[in-house]
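Understanding the architecture of this molecule
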Amino acid sequence: MTKPKITFDGQTFEFEPGDTIMRAAERAAIDQGIPRFCYHPGLPVAGTCRMCTVEVEKAPKLMTACSTPASDGMVIHTQSERVRKSRAGVMEFLLLNHPLDCPVCDQAGECSLQDYNYEYGPSTSRFQEDKRVWVEASTKKLSDRLTLNMNRCIHCERCVRFTEDVTKTHELLMENRGWKKELMTADDLGVFNEYQGNIADICPVGAITFNDFRFKKRVWFLKPKPSLCDGCARGCSIFADEEKNVVQRYRARRNDQVNGHWICDAGRVSYHTYSDPQRVVQPLLRGLAQSAPQATTWETLITWLLREMNQAKRVLLLIGTDASSEEAANLMQILPSLTRGELVIRSWNGTGEGVQSSGDDAPVDKILRRRDQTPNTRGIEQLGLHPLAARDGDFDVALFFRSGRATLPAQKLAAFEIAWGVFNQSESARFAAVLPGLSTLEKAGSYTNCEGLVQTFEAAVKSHGHAASVKKILDGMRTMMKAHPETAEREVARDFV
Amino acid sequence: MTIIVSRKETFWDKIYLPALAIGLKVTIKQFYRTLFRGESTTIQYPEQKRIYSQRFRGEHFISVDANKTENCTSCYLCQTVCPAECITIIAEERPAEENPYGVRKEKRPARFDIDALRCCFCGFCEEACPKDAIKLSRNYEMAKLTREDTIYDLDHLKREVKGRG
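Remember, it's a predicted structure, so these values are computed and weren't measured experimentally.

1. Quick look at the overall build of chain A
Scanning chain A from terminus to terminus reveals 14 helices and 22 strands. Along the longest, intermediate and shortest principal axes, the C-alpha atoms of chain A span 90 × 60 × 40 Å. Taken across its 497 residues, chain A has 44% of its residues classed as buried. Sequence separation of at least 24 residues holds for 64% of the intrachain contacts in chain A that already meet a minimum separation of 6.

2. Structural notes on the overall build of chain B
Summing up its helical and strand segments, chain B has five helices and five strands in all. Counting helices and strands in the order they occur from the N terminus, chain B gives α-α-β-α-β-β-α-β-β-α. The globule rule puts the C-alpha radius of gyration for 165 residues at 15 Å, and the 26 Å found for chain B is more than 25% above it. With the principal axes as the frame, chain B shows a C-alpha extent of 85 × 50 × 30 Å. Per-residue burial over chain B gives 20% buried out of 165 residues. Pairs at least 24 apart in sequence give 68% of the contacts found in chain B among residues at least 6 apart.

3. Considering the environment of Gly-352 of chain A
Residue and element names in this part refer to chain A. One can find Gly-352 in helix H10 (residues 351–354). In the structure, Gly-352 is positioned 55 residues away from Thr-407 in sequence and 9.5 Å away in space, judged by C-alpha atoms. Look past the residues within four positions of Gly-352 in its chain and what remains in contact with it is Arg-371, Asp-372 and Gln-373.

4. A word on the environment of Pro-122 of chain A
Residues and elements named next belong to chain A. With respect to the element layout, Pro-122 can be found in the loop between helix H3 (112–119) and strand S6 (140–141). Look at Pro-122 and you get exposed, because 12 C-beta atoms sit within 10 Å. For the pair Pro-122 and Arg-87, spaced 35 residues apart in the sequence, the C-alpha separation amounts to 9.9 Å. Apart from residues lying up to four places away in sequence, Pro-122 is in contact with Ala-88, Met-91 and Glu-92.

5. Focus on the domain arrangement of chain A
The assigned domain composition of chain A is domain 1 (5–79) and domain 2 (284–496). Distance between the C-alpha centres of domain 1 of chain A and domain 2 of chain A: 53 Å.

6. Here we look at the sheet that holds strand S11 (residues 223–228) of chain A
Residue and element names in this part refer to chain A. The strand order across the open sheet formed by three strands is S11-S12-S13, and the pairing between neighbours is antiparallel. Only two strands of the sheet have a single partner each, and these edge strands are S11 and strand S13 (246–252). Shown here is a sheet whose adjacent strand axes are inclined to one another by a mean of 35°, direction ignored. For strand S12 (residues 237–243) and S13, the ladder comprises six bridges, and the chain directions are antiparallel. Following the sheet pairing, Ala-240 is matched in S13 by Tyr-250.

7. Examining the pairing of S12 of chain A
Residues and elements named next belong to chain A. The buried count for S12 comes to five of seven residues, which makes it a mostly enclosed element. Two elements, S11 and S12, share six bridges in a ladder whose sense is antiparallel. When the sheet's bridge partners are listed, Pro-226 is paired in S12 with Phe-239. If you look at the hairpin formed by S12 and S13, you'll find two residues sitting between the two strands, and Lys-244 has a positive phi there, around 50°.

8. Some details on helix H8 (residues 298–311) of chain A
Given a rise of 1.5 Å per residue, 14 residues ought to cover 20 Å, and the 20 Å separating the end C-alpha atoms of H8 of chain A matches this to within 8%. Every buried residue of H8 of chain A is listed here: Leu-301, Ile-302, Thr-303, Trp-304, Leu-305, Leu-306, Glu-308 and Met-309 of chain A.

9. Here we look at the interface of chain B and chain A
Listed by partner, the interface residues are 14 residues for chain B and 11 residues for chain A. If one sorts the elements of the side of chain B that touches chain A by residue count, strand S2 (residues 87–93) of chain B sits on top with three residues. Across the side of chain B that touches chain A, the residue classes break down as six nonpolar, three polar and five charged.

10. A closer look at unusual backbone geometry
All names here are of chain B. Residues other than glycine seldom take positive phi values, yet Lys-68 does so here, at roughly 65°. Assignment of secondary structure puts Lys-68 in the loop between strand S1 (60–62) and helix H3 (77–81). Its identity as a non-glycine residue notwithstanding, Ser-74 has a phi of 45°, on the positive side. Judged by local crowding, Ser-74 falls into the buried class, with 25 C-beta atoms found within 10 Å.

11. Observations regarding the sheet that holds strand S14 (residues 284–285) of chain A
Residue and element names in this part refer to chain A. An order of S15-S14-S20-S19-S18-S16-S17 is seen for the seven strands of this open sheet, with the pairing classed as mixed. If you trace the sheet from one side to the other, it starts and ends with strand S15 (294–295) and strand S17 (342–348), each paired once. Bridging between strand S18 (residues 395–402) and strand S19 (residues 414–421) involves seven bridges; their strand directions are parallel. Counterpart to Phe-400 in the pairing with S19 is Ala-419. Set on the sheet, H8 makes contact with S14, strand S16 (314–320), S18, S19 and strand S20 (433–436); between it and S20 the angle comes to about 120°.

12. What to know about the pairing of strand S21 (residues 445–448) of chain A
In terms of strand pairing, S21 of chain A meets strand S22 (residues 454–457) of chain A through four bridges, oriented antiparallel. Of the residues in S22 of chain A, the one forming a bridge with Tyr-447 of chain A is Gln-455 of chain A.

13. Regarding the confidence of the model for chain A
With 97% of its residues at a pLDDT of 70 or more, chain A shows a mean pLDDT of 88. Ignoring residues within four places in sequence, the model shows residues 490–497 of chain A, a span with pLDDT below 50, making 10 contacts including any to other chains.

14. Points about the nonpolar core
In terms of nonpolar packing, the biggest core is built from 119 residues, with Leu-318, Ile-319, Val-397, Ala-398, Leu-399, Ile-418 and Ala-433 of chain A touching the most fellow members. When residues of this core are assigned to domains, at least three map to each of domain 1 (5–79) and domain 2 (284–496) of chain A. Sequence-distant contacts of Leu-318 of chain A, that is, excluding residues within four places in its chain, are made with Arg-346, Trp-348, Leu-388, Ala-398, Leu-399, Phe-400, Phe-401 and Leu-413 of chain A. Membership of the second largest hydrophobic core comes to 21 residues, among which are Phe-61, Phe-112, Ile-114 and Ile-134 of chain B.

15. Focus: the environment of Glu-327 of chain A
Residues and elements named next belong to chain A. Relative to the helices and strands, Glu-327 resides in helix H9 (residues 325–334). Accessibility expressed as a C-beta count within 10 Å gives 26 for Glu-327, which makes it buried. Placed 75 residues apart in sequence, Glu-327 and Arg-402 show a C-alpha to C-alpha distance of 9.8 Å. In contact with Glu-327, not counting residues within four places along its chain, are Gly-445 and Val-470.

Parameters at a glance
Residues numbered from 1 in each chain as written. Chains lettered and ligands numbered in written order. Predicted model: local features only at pLDDT ≥ 70, side-chain atom pairs only at ≥ 80, totals over all residues. Helix = DSSP H or I, 4+ residues; strand = E, 2+ residues; numbered from the N terminus. Buried ≥ 20, exposed ≤ 12 C-beta atoms within 10 Å, placed from the backbone. Contact = placed C-beta atoms within 7 Å. Rg over C-alpha atoms; globule rule 2.2 N^0.38 Å. Domains from an automatic or database assignment. Pairing = 2+ DSSP bridges. Axes fitted to C-alpha atoms, helices over the stretch in contact; angles between N-to-C directions. Expected span 1.5 Å × (residues − 1). Nonpolar A, V, L, I, M, F, W, Y, C, P; charged D, E, K, R; others polar. pLDDT = per-residue confidence, 0-100. Core = buried A, V, L, I, M, F, W, Y, C linked by C-beta atoms within 7 Å.

Quick look at the structure:
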């Protein structure tokens, strides 16, 4: 059976039965696209903004592309004179009361209103009267995460539909009609769902802003880097927006297999873990008389570590379930050759009130969030690792590897505990040494999410300070083993005994 | 690679004295003008100052309103347009109690630093500024004793400048 066909501006494309004109146009990826304010692929169609009107041949009036079903043989004009005039009219009405505060507005640079006005709208205003100004609602807290500026609102109701259809919490509603239409919260609780950041994302103008990013950066400085959120076992696709090697925010990246268009708020702010000024980015080693590990060099630390591992009879390698599969496999392959004793390898998770394996994991709500707050529990299990059990004990040296998400085990693992990966200063006190490693943002690798989907990711930023990848550290260890273990040992003996 | 250009010297060039006299003529002329007719080319600089054009671009300042609040709303346009990358802004929300202006000035610069040693005084920043906040005064006396002093912070930039200084 042949697929139905539709013609956009003289070019014919196939579409799937059931598509609207908008979906067919997106599928065909036509050049200029169809402008939209209220339409969002993740939300039900409302047809309120009238920006997406197109000319359909044999139809008496312009049709809204978002709500008109496409049919076989339709001939559509998306850029004709009539269409452009209609869009210019819509833009003029929207801009009547829209304040000219782009310099203050955070949306400037990614604002639909700016973009479409540049393309379709009039560049001057004929409006002589005073603009409508909301005094109370000009900076109104919708919750501790969202701020509303009603003056900028264009009444597309994306936010209302988001709370109605995605989170199903119904916190937002529009009160009054026409000129006085105002976005309100349904009761004093404000917005309380766990996906509020998406509301700020889908707002086509700067009416709703996310407090964590509010006034922090102008968006034109940011470079979006596709990445994965490591906040839970879901592994949502995100854009990590960075400037000068510092990640400024996460945004949801569309991935219909995993997260659709959304990410949760906990994941959205999880980048703070990695830009924390307290994060250890310098090799640390504790001398005999010292209570906390002190900054040292990689050479000293590695020679010390090799000596300790060489002398130990039983070594524990505890791999956090937030390690990428590649890192875990590397460690499992190479570490046994660096010790003469017995090497026991176990996994560790401990997030979400004691989750240890994928069996303990469960969805927290009906949308995205999971109990397991590490990204790669399934992947580590596929490598054949089991969680640390109570009967495992009696170790001389314990290496704890993680990349920032897994919790610290409460029990003391061995006489010498060594941390490897992403730790912060306050956590480092119990360890004899800390080897700074890379976080998800700084390395490439793959995670297996809660549904068993393997997702790869690339580094979004360069590593901070002296933090190094697992491969680099293991390579260094092997080179040092081969070179001159005896002199290295003497050096360490002089410094630290 | 060096290019050697040789010039053929005549007899009068070689004896040198006529050329000296021609040069001295200019000196004597200037000497006469300065001493007897008061037509000096130089000025007594710190006491006496040259008048520059009204459009001269000198030391930066940020204009303030009647309440001494800066007009800057940290839109970062000057930082964006600056070819020397000498402007660094950190924005924050103006506390509600200090903000009689409402949305118009809800954002303010927490820090606004201009590295005057990097600045090339092109004036793009004042051209880009939508609030007419950053301006270049006509002050050209910008010598400082330390490098730290040449990084202008917000307090320095908000100093009083009448007209264009």
